[in-house]
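Spelled out, the chains give:
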Amino acid sequence: MHARIATALTLMLVLTSSTAAAGQETSGQSGTSELLAGLATEEVEAGVLRVLGDGVRELAGSIGRSGLTDELAIGLDGSVWLMGDRKLLELGAEQELPYPDGRTREDVPGLVQVGSDGTPWIVAHDGCTEGISARWTLYSHDGTAWRPRLERAGTVHEGLDFRLQPDGPVWALRETERPGGGRFLRLDGDAWNRLPKHPADKPKANNIRSWDVAPDGTLWLRRKTAVSRLTDEGWSPVAGLPGYGFVIGSDGAARTLALGGESIVIRTLKENGDKQRLEVPLPDGGTTSAWWNPGVLGPDASLWASFKTAQPCGVMCSHLISCDGLGRFDGTAWRRFLTDWCVQEIDIDVDGIVWVRAASTSPGDVVTLEDGTELQTLDLARDSIETYVITPDAASAVE
């Protein structure tokens, strides 16, 4: 779940296009306020609650290799799920779902998605040999067992990806043999329909970086140099959205972000064609050389981000040297939560409640950089990973 600004120049925006607009619920959803009311919690600081309960503890103690999970997922039906090494657990319910055919979390590369009808969906593969998986399969759970719905054989990277649309079809991207390419499909009833292929006049520049489905059913994708959407006339390029972290919001607007030395720039294209540009200053004079991930753009357009600082030590290496908790930018100023904790994951549910997984830290090794500078590193205390919630009232309260 981690990404380094220094190497990837990305800030992940957890997709909220599948949720209802702030303060509303889609049909068939009970929302998560009711779920939260039924969970045991305790207040750890103003407006922040720690979620307790046998379910969380049971999962943390019995799921295998690490004994812990640091990933959660919010369903379109308002359910909240924790993803373990060998199974899924729904908070506030008795439902536990082992992964298909004895697979582990390593064989399930993405997060579980849950439809408005409560059906869980996942993608799993059969293991990789020299980077190539024998088969990728999209599954749905019918209440009794996992049911295969779509397959892709013999490919690299992420062979299958999918999106659920509230009260709508299932969308899938099946990767081609060329990394970064793919073909979009839509599940209408029990049949998969192939959608028009997006143009690829320059293969490397046209690799699919991210994609999403708007509330009105419009398919969007972002490539290295352009954003496009699928209309009745075919794929149409959309100007004015440079940057990274492409996402479709619950209001139907498309957004991208770009990272500067001391700010994050969010660009918005509304459904009516209006464009907006918001420059978000980093808190406390920080710079984007810090380790940023994850970040969430909420349905009220507020920006949530965790703050970690890491010293790069190679292409795929960094030394964690500080954790500064969680921040929310409301358009004017930052507000801080869970100071000194390392936030692992953020998600926002249909009620606007923010769910957070965070861990404390302990002193790690002292490392020496090439210039002779010595750094005290930090280790994540994985046995301290906890689930927290922040309600909309607490998030917007003025200190």
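Treat the numbers as computed from the prediction; the structure is a model and nothing was measured.

**With respect to the overall build of the protein**
Inference 1: Along its length, the protein carries 4 helices and 32 strands.
Inference 2: A burial count over the protein gives 51% of its 399 residues as buried.
Inference 3: Contacts in the protein between residues far apart in sequence, at least 24 positions, make up 46% of those at least 6 positions apart.

**Looking at the state of the cysteines**
Inference 1: This model, assessed by the stated rule, comprises 1 disulfide.
Inference 2: Each sulfur of the disulfide joining C323 and C342 lies 1.5 Å from the other. Torsion about the S-S bond of the C323 and C342 cystine: about 45°, corresponding to right-handed handedness. One end of the pair, C323, is in strand β26 (residues 317-329); the other, C342, is in strand β28 (residues 342-348), and 19 residues separate them in sequence. When sorted by exposure, C323 lands in the same class as C342, which is buried.

**Considering the sheet that holds strand β16 (residues 208-213)**
Inference 1: One open sheet accounts for 4 strands, arranged β16-β17-β18-β19; its pairing is antiparallel. The sheet terminates laterally at β16 and β19 (234-238), the two strands that pair on one side only. Sheet twist, expressed as the mean angle between neighbouring strand axes with direction ignored, is 25°.
Inference 2: Judged from the 5 bridges that link them, β16 and strand β17 (residues 219-223) form a sheet pairing that is antiparallel. Its bridge partner being in β17, S210 is matched across the sheet by R222.

**Regarding the sheet that holds strand β12 (residues 160-164)**
Inference 1: Judged by pairing direction, the sheet is antiparallel, and its 4 strands sit side by side in the order β12-β13-β14-β15 without closing on themselves. Each edge of the sheet is formed by a strand with only one pairing partner; in this case those strands are β12 and β15 (191-194). The sheet shows a mean angle of 25° between the axes of neighbouring strands, direction not considered.
Inference 2: Here strand β14 (residues 183-188) pairs with β15 via 4 bridges, running antiparallel. Within β15, the position partnered with L185 by the bridge is R194.

**Remarks on the confidence of the model for the protein**
Inference 1: Summarising the model, the protein shows a mean pLDDT of 75, and 73% of its residues fall at 70 or more.
Inference 2: For the protein, per-element mean pLDDT is lowest for helix α1 (residues 5-8), which scores 25, and highest for β15, which scores 94.
Inference 3: Across residues 1-29 the pLDDT falls below 50, and counting only partners more than four positions away or on other chains, this stretch makes 91 contacts in the model.
Inference 4: Residue range residues 58-69 is modelled with pLDDT below 50. Its contacts to residues more than four positions away, or to other chains, number 33 contacts.

**A closer look at the packing of aromatic side chains**
Inference 1: Within this structure, the stated rule accounts for 5 aromatic pairs.
Inference 2: Counting every residue linked through ring pairs, the aromatic cluster contains F184, W211 and W235.
Inference 3: Here the basic side chain of R163 rests over the ring of W211, its NZ or CZ set 4.3 Å away from the ring centre.
Inference 4: Taking the ring centre of W171 as reference, the NZ or CZ of R186 above it sits at 5.5 Å.

**Some details on the side chain of R105**
Inference 1: Here R105 lies in the loop between β6 (96-98) and β7 (113-114).
Inference 2: Overall, R105 belongs to the buried group, its relative accessible area being 10%.
Inference 3: Beyond its immediate sequence surroundings of up to four residues, R105 is in contact with E71, M83, G84, D85, Y99, G110 and L111.

**A word on the nonpolar core**
Inference 1: Counting 16 residues, the largest nonpolar core has W304, L326, F337, V354, V356 and I390 as the members making the most contacts within it.
Inference 2: For this core, the elements supplying multiple residues, two or more each, are β28, β29 (354-359), β32 (386-390) and α4 (392-396).
Inference 3: With 14 residues, the next largest nonpolar core counts L138, F162, V170 and L187 among its residues.

**A look at the pattern of salt bridges**
As a working rule, side chains carrying opposite charge can pair if their charged atoms are close by.
Inference 1: Under the defined criterion, the tally for this structure stands at 10 salt bridges.
Inference 2: Put simply, D126 and R103 hold a salt bridge, and the shortest N to O gap is 2.4 Å. Highlighted residues: D126 in the loop between β8 (120-125) and β9 (128-129) and R103 in the loop between β6 and β7, separated in sequence by 23 residues.
Inference 3: Because the salt bridges share partners, they merge into one network encompassing E42, R50 and E386.

**A closer look at the pairing of β16**
Inference 1: Counting buried positions over the 6 residues of β16 gives 5, a clear majority of the element.
Inference 2: Hairpin geometry of β16 and β17 is characterised by an intervening segment of 5 residues between the two adjacent antiparallel strands and by a positive phi of about 90° at G217.

**Some points on the environment of T339**
Inference 1: With respect to the helices, strands and loops of the structure, T339 is situated in the loop between β27 (334-337) and β28.
Inference 2: Look at T339 and you get partly exposed, because its relative accessible area is 49%.
Inference 3: In this structure, the C-alpha to C-alpha distance between T339 and S306, residues 33 residues apart in sequence, is 10.0 Å.
Inference 4: The contacts of T339, once residues within four sequence positions are left out, are E45, D324 and G325.

**Details of the environment of G189**
Inference 1: As for its position among the elements, G189 is in the loop between β14 and β15.
Inference 2: Separated by 19 residues in the primary sequence, G189 and V170 have C-alpha atoms spaced 9.4 Å apart.

**Notes on the environment of A226**
Inference 1: If you trace the backbone, A226 turns up in the loop between β17 and β18 (227-231).
Inference 2: In this structure, the C-alpha to C-alpha distance between A226 and P237, residues 11 residues apart in sequence, is 6.9 Å.

**Here's the deal with the pairing of strand β4 (residues 80-83)**
Inference 1: Covered by surrounding structure in β4 are V80 and L82 together with W81 and M83, the residues of both alternating faces.
Inference 2: Judged from the 3 bridges that link them, strand β3 (residues 72-74) and β4 form a sheet pairing that is antiparallel. From the neighbouring strand, A73 faces β4, where its bridge partner is W81.
Inference 3: Counting the residues that bridge the hairpin from β3 to β4 gives 5 residues, and of these G78 lies at a positive phi of roughly 90°.
Inference 4: Direction of pairing for β4 relative to strand β5 (residues 87-90): antiparallel, over a ladder of 3 bridges. When the sheet's bridge partners are listed, L82 is paired in β5 with L89.

Definitions and cut-offs
- Residues numbered from 1 in each chain as written.
- Predicted model: local features only at pLDDT ≥ 70, side-chain atom pairs only at ≥ 80, totals over all residues.
- Heavy atoms only, no water.
- Helix = DSSP H or I, 4+ residues; strand = E, 2+ residues; numbered from the N terminus.
- Buried < 20%, exposed > 50% of the residue type's maximum accessible area, 1.4 Å probe, protein only.
- Contact = heavy atoms within 4.5 Å.
- Disulfide = S-S within 2.5 Å.
- Pairing = 2+ DSSP bridges.
- Axes fitted to C-alpha atoms, helices over the stretch in contact; angles between N-to-C directions.
- pLDDT = per-residue confidence, 0-100.
- Phe/Tyr/Trp six-rings, centres within 6.5 Å; stacked < 30°, edge-to-face > 60°.
- Lys NZ or Arg CZ within 6 Å of the ring centre and 35° of its normal.
- Core = buried A, V, L, I, M, F, W, Y, C linked by side-chain atoms within 4.5 Å.
- Salt bridge = Lys/Arg side-chain N within 4 Å of Asp/Glu carboxyl O.

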